[in-house]
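Listed here are the chains, written in short residue letters.
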Amino acid sequence: MPSPIAFVSRMNAQTEAVWKQALCAAMPEEEILCFSELSAEQKRAVDFAIVANPDPADIAALPGLSWIHSLWAGVERLVLELGDKAPPIVRLKDPELSRVMAEAVLAWTYYLQRDMPAYRENQQKALWQELDYRHPSEMTIGLLGLGALGTAAAERLRHAGFNVAGWSRSAKAIDGVETLTGDDGLQGLLEKSDILVCLVPLTDATRGLLNTDRFATMKKGAALINFARGAVIVADDLIAALQSGQISHAVLDVFEQEPLPVDSTFWQHPKVTVLPHISAPTSRESSARIVAGNIRTWRKTGALPETIDMERGY
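Residues numbered from 1 in each chain as written. Predicted model: local features only at pLDDT ≥ 70, side-chain atom pairs only at ≥ 80, totals over all residues. Heavy atoms only, no water.

### A closer look at the UniProt feature "domain: D-isomer specific 2-hydroxyacid dehydrogenase NAD-binding" (unreviewed entry) in the protein chain
(1) Moving on: The UniProt entry lists residues 111-279 under the feature "domain: D-isomer specific 2-hydroxyacid dehydrogenase NAD-binding" (unreviewed entry), expressed in the numbering used here.
(2) Moving on: With 33% helix and 20% strand, the stretch residues 111-279 has end C-alpha atoms that lie 14 Å from each other. (UniProt positions renumbered as here; feature names shortened; annotations may be inferred. Helix = DSSP H or I, 4+ residues; strand = E, 2+ residues; numbered from the N terminus.)

Listed below in structure tokens is the structure:
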């Protein structure tokens, strides 16, 4: 009989129970126990854990872990908190997550392309005014990050008729998309983008990536969508770029502190659309199926799914 699987999270009890139910339904052959349900003997015996931003002390209390599977695609918090001594970490790779993110990128690109913020402002002024229409083919959407999410977004945007360019840490090739890499490539992407969509993982290399100098490189009046992590953008530098008109509008779904504090400048800023981290919600059923499939393969073959590079951060 295999040892139980530990489910370790910092969710509230109600949310954790719902997630546990989904995981149990996806793999009824396994015994899945929340960390609080494990006996001292079981904690010593557990060799695998499913995690959702766990308390590092709870992971340390499971000395036999051979690997852990995150329920989230983003793992920067795991990397930061668990450090070099962490067991191998597998992050969630869910095609449904890519589809939902691509849907959000297209939706909010349309929001900016069709000048919805300006029409909202005109409504508040009781101003009946038609603005010039910009055809998708007249606009370049720049994707900062061409991983699974960026690639899916690029395809949706291209099929919608936009010109699409993308930048990534390593060279990529996507049909119909101009792909760039390196410092020169990043400079080129910023210079040509009418709307810049940020989808990079948060690492030491991307923290503060978008700052005053890089905003100055962008087209005057370009717009920004951040669906990555809040710390990729220097918040004060963005506010200054919005105030000067260098950036015309920012759609922000992620922030360094979440929930966004009520006294944040972003809430009331007329050139900012605030979203409560909803661009790509994780599907419990879909992610549970993927985790279950990876665990079954491991039980059968002993082979681990692809694990993250702790030095790279993803």
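### Describing the state of the cysteines
(1) Moving on: Taken as a whole and judged by the stated rule, the model has 0 disulfides.
(2) Moving on: The thiol of Cys 24 is not disulfide-bonded; the next cysteine sulfur, from Cys 34, is found 8.2 Å away.
(3) Moving on: By relative accessible area, which is 25% here, Cys 24 ends up partly exposed. (Disulfide = S-S within 2.5 Å. Buried < 20%, exposed > 50% of the residue type's maximum accessible area, 1.4 Å probe, protein only.)

### Concerning the packing of aromatic side chains
(1) Moving on: Taken as a whole and judged by the stated rule, the model has 7 aromatic pairs.
(2) Moving on: Judged by centre distance (4.8 Å) and plane angle (70°), the rings of Trp 108 and Tyr 111 are edge-to-face. A residue pair is termed a helical-turn pair when its members lie 3 or 4 positions apart in one helix, as Trp 108 and Tyr 111 do in helix α5 (residues 95-113) at 3 residues.
(3) Moving on: On the basis of relative accessible area, Tyr 111 is assigned to the buried category, the value being 19%.
(4) Moving on: On the numbers, 5.9 Å between centres and 45° between planes, the contact of Phe 255 with Phe 266 is tilted. (Phe/Tyr/Trp six-rings, centres within 6.5 Å; stacked < 30°, edge-to-face > 60°.)

### Structural notes on the environment of Tyr 111
(1) Moving on: C-alpha of Tyr 111 to C-alpha of Val 251: the two residues are 140 residues apart in sequence and 9.5 Å apart in space.
(2) Moving on: Setting aside chain neighbours within four positions, we find Tyr 111 in contact with Met 116, Pro 117, His 249, Val 251 and Thr 273. (Contact = heavy atoms within 4.5 Å.)

### Side note on the packing of α5 against helix α7 (residues 148-159)
(1) Moving on: One way to put it is that α5 packs onto α7 with a least axis distance of 8 Å and a crossing angle of 50°. With respect to their mutual orientation, α5 and α7 come out oblique. Of the two elements, α5 crosses α7, and the hand of that crossing is right-handed. Two secondary-structure elements touch here, α5 through Leu 97, Ser 98, Arg 99, Met 101, Ala 102, Glu 103, Val 105, Leu 106 and Thr 109 and α7 through Ala 148, Leu 149, Ala 152, Ala 153, Arg 156 and Leu 157.
(2) Moving on: Of the residues in the contact of α5 with α7, the class split is 10 nonpolar, 2 polar and 3 charged. (Axes fitted to C-alpha atoms, helices over the stretch in contact; angles between N-to-C directions. Parallel < 35°, antiparallel > 145°, perpendicular 65-115°, else oblique. Left-handed = near helix turned anticlockwise from the far one by under 90°. Nonpolar A, V, L, I, M, F, W, Y, C, P; charged D, E, K, R; others polar.)

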